[in-house]
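Chain and residue survey
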Amino acid sequence: MLRRGLNRLLGGDERRVDSRTIYVGHRPCPASEPFIPPKFCDNRIVSSKYTVWNFLPKNLFEQFRRIANFYFLIIFLVQVIVDTPTSPVTSGLPLFFVITVTAIKQGYEDWLRHKADNEVNKYPVTVLEDGRRIRKESEKIKVGDVVQVEEDETFPCDLILLQSSRDDDTCFVTTASLDGESNHKTHYTVPDTEKDLESLNATIECEQPQPDLYKFVGRMHIYKNNQEPAVRSLGPENLLLKGATLKNTQKICGVAVYTGMETKMALNYQGKSQKRSVVEKSINAFLLVYLCILVSKALVCTTLKYVWQSKPGQDEPWYNEKTQREKDTNLYLKMFTDFLSFMVLFNFIIPVSMYVTVEMQKFLGSFFITWDKDFFDPEIKEGALVNTSDLNEELGQVEYVFTDKTGTLTQNNMEFIECCIDGFQYKYRDASSELDGFCVTDGPVSKLQQKAGREKEELFLRALCLCHTVQVKESTEQGQDQVDGLTDQLDGLGVDGELSQPQEQQRGFIASSPDEIALVKGAMRYGFTFLGLESKTMKILNRNNDVEKYELLHVLNFDPVRRRMSVIVRSTSGDTLLFCKGADSSIFPRVRQEEVERIRMHVERNATEGYRTLCVAYKHLSAVEYAQADAGLREARLALQDREEKLMAVYNQVETGMSLIGATAVEDRLQEEAAETMEALQGAGIKVWVLTGDKMETAKSTCYACRLFQRNTELLELTVRTLEDGGRRREERLHELLLEYHKKAVQDAPPVKAGVTRSWSSANQDYGFIVDGATLSMVLNSSSDSNSSRYKNLFLQICQNCTAVLCCRMAPLQKAQIVKMVKNSKGNPITLSIGDGANDVSMILEAHVGIGIKGKEGRQAVRNSDYAIPKLKHLKKLLLAHGHLYYVRIAHLVQYFFYKNLCFILPQFLYQFFCGYSQQPLGAAHLH
């Protein structure tokens, strides 16, 4: 019975579309008698566009889709077929030259892609087959193969982790090449698999390949001799993605589940759409105008020719009698060929050489950016990088700059500033702190000298030490520098050498976000040191130098929707505790209200000072509660469909009725010269929008610090908070606010006089506009269609009349939506996006010009950008010096070419009146 059921489950799966079944090591399972290995694609990666065979036809087709090339081809064919005054060589040669040069350039780029693909595909990997280790090429891996990967190697395909050399069955991975994050992530082996992979009999059921890097659902059936098969759930924490690198772990074994073009990395690779510059588009418009001039000239000459020849004696003067063949040809055909001859004669009005010159100018011009010494950054020893030279002149016409906040305006370099426990403020005073003379506001905050109870303090510090995903990096013999250089960065997070304890010198932390390390180091200053996680046991060294041990039962992961993370641990005394930390907006509703007031003040004050704040809460779980939560979590983790939603439901159920212990403040420093750069851009009349996933308060204080908002700027807020003030329906309130702001910023604003810059007309009121992700989605996806476009228009007009716009709590896709909305608004302004992380890629690809910053977050943004610069401060010179000069240069060049060609052709046209419209070229005229 069981066997038949399983057969149905496994056999039916090939026909079902939404999941696939994989036999680990291609071994048939006892349950399924007929073993038909399913067909999956091989592990070859193809990122190239052409092959040797299709290069010519495909490339030629792409090139002749450009108006100019196609036009010159037609002219060339006319010259070959019809008896024309100028030789076919005059159009043929330049055209042939342009086509060949472009083809060679594109062929070379494609050859580089082929070479890169080959490096990946021919990379040697170790596969375990029948107990032997076999070296084969990466492209020969099949789904179901068991692959072994060693430290610092990249994974050749998407693997499920079965075995790790570490004792606690985990491994560390960096995914810098996938999502740009350079920190270590922890992955776990499937629990209870055999140590000897040879005797492992199992099948894996998982979803069909899909591009989301952070989602994966599956389950594994493990068959042991004649027992019922054990089922284990698989999630993203068991999946190692192709392109990621193994770190801090000697070797792992995993089974291939997605290969080749079905890996998440390949599914995320978007061929970049060709960005065309505005100048190129306007050249095409000029071309059409000049084509009309050309056609009209040819028509005038053809008409006049036949008018002139209709007079007796003019058609056949005695010195030029027609031959019999000429007399027999059809009059209309003769007219047509005459028309074509005139077209060819005047064809020089359209400059083929201009295209070559413009291409050369752009190509050579891009070196000016690469050579610029001011863009060189001594820290990373790199300068600027140009990925697309077609957009140089766009840099000088930018009207809107969209910038990311974390890592772009700020350094993403966190430092623990202070914490507040139970309403009492704790500042870590060290000699170098500038906050020494900082006055503290009254209210409960002024009880600086008083302290919370010792138990509360210790509970808070324990929460900081337990609620995180930080790993302790063991120090190596050669000293800390060899280890990935990451600890140096972490030790720079503001723990002074003199003050730190001796263990600090040998210990480095690895975590998925710099905030977490800052918090663990903060706890260390107050005497609680996190010693690491060993096989599900977390160890802490407390103030009395005793080691406390906690068993880690569950981690409720952080996600951007919940905006919090929790851990469930069991202490040695047998208590089960839940610790939770997260944004105030997500923690306050889940704790007792009387505790909130004391801490809210601190949180808001810290946020206005520009610190990132997190609240910490905890809860005692009774045996019954824990059993219920444990069962719920396990069940949700085994679900194949809607696993996310089910987990969410369980998380929300567990994280209620908590007690608030305190809050922390971590500072993220501004980039150097961020304020000067922003001021310079605004002075040049460029509007700056900040798009961030961060909290409104933090983002607002960053905007003040960057001088995007001045002290006298009136802020217009369109956020969930202001929508809920009126007590009416959100939709109505949204409409009302939009109208009110529109009246303020657009209707009542005095008309701006042309040429008066902002600094002159300071009498006018400046407006700053703040909007958040939730409200934005209401504006863009309004329920009734008539309202939708109206809301959008009001919204856009308000935005365009404000000096700076701040959009907070944005999803990466919403960033792109905003850019698209502005890009397609009236007058099609030129937009520029600048960011440093993978979450900015969508807006970088969407804007006219995308700029990546070579920051700490890896190179994902740089790889997708048109230009890359080491620091935000370089943007000023890039736009205001380079961009301006490129634009002036190319504008002069294009105008000069069209003027030159018009002057060149006009005498030729006038000469036709004097040579009997006989298509005589001017050059030959003075020879007679």
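Since the structure is predicted, the reported quantities are computational estimates derived from the model, not experimental observations. (Residues numbered from 1 in each chain as written. Predicted model: local features only at pLDDT ≥ 70, side-chain atom pairs only at ≥ 80, totals over all residues. Heavy atoms only, no water.)

1. Describing the packing of helix H7 (residues 278–309) against helix H9 (residues 331–346)
What counts, and what does not: All axes here are fitted lines through C-alpha atoms, helices being fitted over the stretch that makes contact, and every angle between N-to-C directions spans 0 to 180 degrees. By the criteria applied, helices consist of DSSP H or I runs no shorter than four residues and strands consist of E runs no shorter than two, each listed in order from the N terminus. Roughly parallel means an angle under 35 degrees; roughly antiparallel means over 145; roughly perpendicular covers 65 to 115; every other angle is labelled oblique. Less than a right angle of anticlockwise turn of the near helix away from the far helix marks a crossing as left-handed, whereas a clockwise turn marks it as right-handed. Note on contacts: a residue pair qualifies if any of its non-hydrogen atoms lie within 4.5 Å across the two residues. Just so you know the grouping, Ala, Val, Leu, Ile, Met, Phe, Trp, Tyr, Cys and Pro go in nonpolar, Asp, Glu, Lys and Arg go in charged, and all remaining residues, Gly too, go in polar.
It is at 9 Å that the axes of H7 and H9 come closest, and there the two elements cross at 135°. One finds that H7 runs oblique with respect to H9. Here H7 runs over H9; the crossing is right-handed. Counting all contacts with H7, which are made through Leu294, Val295, Lys297, Ala298, Leu299, Cys301, Thr302, Lys305 and Tyr306, the residues of H9 involved are Leu331, Lys334, Met335, Asp338, Phe339, Phe342, Met343 and Phe346. Here the residues of the contact of H7 with H9 are counted per class, giving 12 nonpolar, 1 polar and 4 charged.

2. Details of the side chain of glutamine 148
Rule in force here: For every residue, the accessible area obtained with a 1.4 Å probe (protein chains only) is divided by the maximum for its type, and the residue is called buried under 20%, exposed over 50%, and partly exposed between those limits. Nitrogen and oxygen atoms within 3.5 Å of one another constitute a polar contact, given that in protein one can donate a hydrogen and the other can accept it, and given that sequence-neighbouring residues count only through two side-chain atoms.
By secondary structure assignment, the location of glutamine 148 is in strand S4 (residues 146–150). Take glutamine 148: its relative accessible area is 5%, and that puts it in the buried class. Side chain to side chain, glutamine 148 and arginine 133 meet in a polar contact 2.6 Å long. Setting aside residues up to four positions removed in sequence, glutamine 148 forms contacts with Thr126, Leu128, Arg133, Glu153, Lys251, Ile252 and Cys253.

3. Observations concerning the sheet that holds strand S21 (residues 537–541)
Note the cut-off: Should DSSP find at least two bridges between two strands, the strands are regarded as paired.
One open sheet accounts for 9 strands, arranged S17-S16-S26-S25-S24-S23-S22-S21-S20; its pairing is antiparallel. Single-partner strands in this sheet number two, and they are strand S17 (424–427) and strand S20 (529–534). Neighbouring strand axes in the sheet, compared pairwise and without regard to direction, differ in orientation by 30° on average. With 8 bridges connecting them, strand S16 (residues 410–421) and strand S26 (residues 659–670) associate as antiparallel partners. Directly across from cysteine 420, in S26, lies its bridge partner alanine 663. Helix H11 (residues 454–466) contacts S16, S17, S20, S21, strand S22 (547–556), strand S23 (564–571), strand S24 (576–582), strand S25 (611–621) and S26 of the sheet and is inclined by roughly 55° relative to S26. Running over the sheet, helix H17 (residues 623–638) touches S22, S23, S24 and S25 and is turned about 50° from S22.

4. Focus: the sheet that holds strand S13 (residues 251–258)
Taking strand neighbours across the sheet as the criterion, the 6 strands line up as S3-S2-S4-S13-S5-S11 in an open arrangement whose pairing is antiparallel. Each edge of the sheet is formed by a strand with only one pairing partner; in this case those strands are strand S3 (132–137) and strand S11 (239–240).

5. Some remarks on unusual backbone geometry
A negative phi holds for most residues other than glycine; trans holds for most peptide bonds. Although it is not a glycine, aspartate 130 adopts a positive phi angle of roughly 45°. Tracing the sequence through the fold places aspartate 130 in the loop between strand S2 (124–129) and S3. Look at arginine 707: it is not a glycine, yet its phi comes out positive at around 60°. Tracing the chain through its elements places arginine 707 in the loop between helix H20 (696–705) and strand S28 (714–718). Its relative accessible area of 32% is what places arginine 707 among the partly exposed residues.

6. Digging into the confidence of the model for the protein
What counts here: The predictor's confidence in any single residue is recorded as pLDDT, a number from 0 to 100.
Mean pLDDT over the protein stands at 81; residues scoring 70 or higher make up 84%. By mean pLDDT, helix H12 (residues 486–491) is the weakest element of the protein at 34, and strand S15 (residues 400–403) is the strongest at 95. Counting contacts from residues 476–506, a segment whose pLDDT is below 50, to residues more than four positions away or on other chains yields 52 contacts. A low-confidence stretch, residues 754–763 (pLDDT under 50), is modelled with 5 contacts involving residues beyond four sequence positions or located in other chains.

7. Details of the nonpolar core
A general trend in soluble globular proteins is that nonpolar side chains are found buried together. So the rule is basically this: By nonpolar core we mean a set of buried residues, namely Ala, Val, Leu, Ile, Met, Phe, Trp, Tyr and Cys, connected to one another through side-chain atoms within 4.5 Å.
Formed by 42 residues in total, the largest nonpolar core has its most connected members in Phe460, Phe509, Val569 and Phe579. A per-element tally of this core places H11 first, with 7 residues. Each residue touching phenylalanine 460, except ones within four places of it in the same chain, is listed here: Cys419, Cys420, Ile421, Val616, Ile661, Gly662, Ala663 and Thr664. Of all hydrophobic cores here, the second largest spans 37 residues; its members include Ile369, Phe375, Ala699 and Leu832.

8. Topic: the packing of aromatic side chains
Remark: the centre distance and the inter-plane angle together describe each pair of aromatic rings, the angle taken between the planes. This is how the line gets drawn: Side-chain rings of Phe, Tyr and Trp, where Trp is taken by its six-membered ring, are said to pair if the distance between their centres is within 6.5 Å; with planes under 30 degrees apart they count as stacked, over 60 as edge-to-face, and otherwise as tilted. To sit over a ring, a charge needs its Lys NZ or Arg CZ within 6 Å of the ring centre and within 35 degrees of the ring normal.
This structure, assessed with the given rule, holds 25 aromatic pairs. On the numbers, 5.8 Å between centres and 70° between planes, the contact of phenylalanine 348 with phenylalanine 904 is edge-to-face. Separated by 556 residues along the polypeptide, phenylalanine 348 in the loop between H9 and helix H10 (352–371) and phenylalanine 904 in helix H28 (residues 874–911) bring together distant segments of the chain. Residue classification places phenylalanine 348 among the partly exposed positions, given a relative accessible area of 30%. An aromatic cluster of three or more residues is present, and its members are Trp308, Phe342, Phe346, Phe909, Phe913 and Tyr917. One Lys or Arg, lysine 536, reaches over the ring of tyrosine 188 and ends 5.5 Å from the middle of that ring. Positioned over the ring face of tyrosine 704 is arginine 711, at 4.6 Å from the centre of the ring.

9. Some words on a nonpolar patch on the surface
Keep this limit in mind: Nonpolar side chains (Val, Leu, Ile, Met, Phe, Trp, Tyr) within 5 Å and like charges within 9 Å form the patches, drawn only from residues with over 30% relative accessible area and no salt bridge. Residue exposure ignores everything except the shown protein chains as possible cover, and the areas themselves are Shrake-Rupley values with a 1.4 Å probe. When a carboxyl oxygen of Asp or Glu lies within 4 Å of a side-chain nitrogen of Lys or Arg, that pair is called a salt bridge.
On the surface, Met360, Phe363, Leu364, Phe367, Phe368 and Trp371 cluster together into a nonpolar patch covering about 630 Å² of accessible area. Here methionine 360 is to be found in helix H10.

10. Describing the pattern of salt bridges
Taken as a whole and judged by the stated rule, the model has 42 salt bridges. A salt bridge links glutamate 62 to lysine 49, with the shortest nitrogen-to-oxygen separation between them at 3.8 Å. Here lysine 49 lies in the loop between strand S1 (19–23) and helix H2 (55–63) and glutamate 62 lies in helix H2, a separation of 13 residues in the sequence. Residue lysine 49 is classed as partly exposed on the basis of its relative accessible area, which comes to 41%. A salt bridge links aspartate 630 to arginine 634, with the shortest nitrogen-to-oxygen separation between them at 3.2 Å. Note that aspartate 630 and arginine 634 are positioned in helix H17 at a spacing of 4 residues, about one turn of the helix. Aspartate 630 gets classed as buried once you look at its relative accessible area, which sits at 15%. Looking at arginine 634, the relative accessible area reads 52%, which means it is exposed.

11. A short note on helix H19 (residues 674–683)
Spelled out, the test is: The directions considered for the arc are those from the helix axis to the C-beta atoms.
Turning to H19, its buried residues number three or more, namely Ala674, Ala675, Thr677, Met678, Leu681 and Gln682. For H19, the angular spread of buried residues about the axis comes to 165°, placing them on one side. In this fold, the buried residues of H19 make contact with S15, strand S27 (687–691), H20, strand S30 (804–808) and H28. Just past H19, the residue glycine 685 takes up positive phi, approximately 85°.

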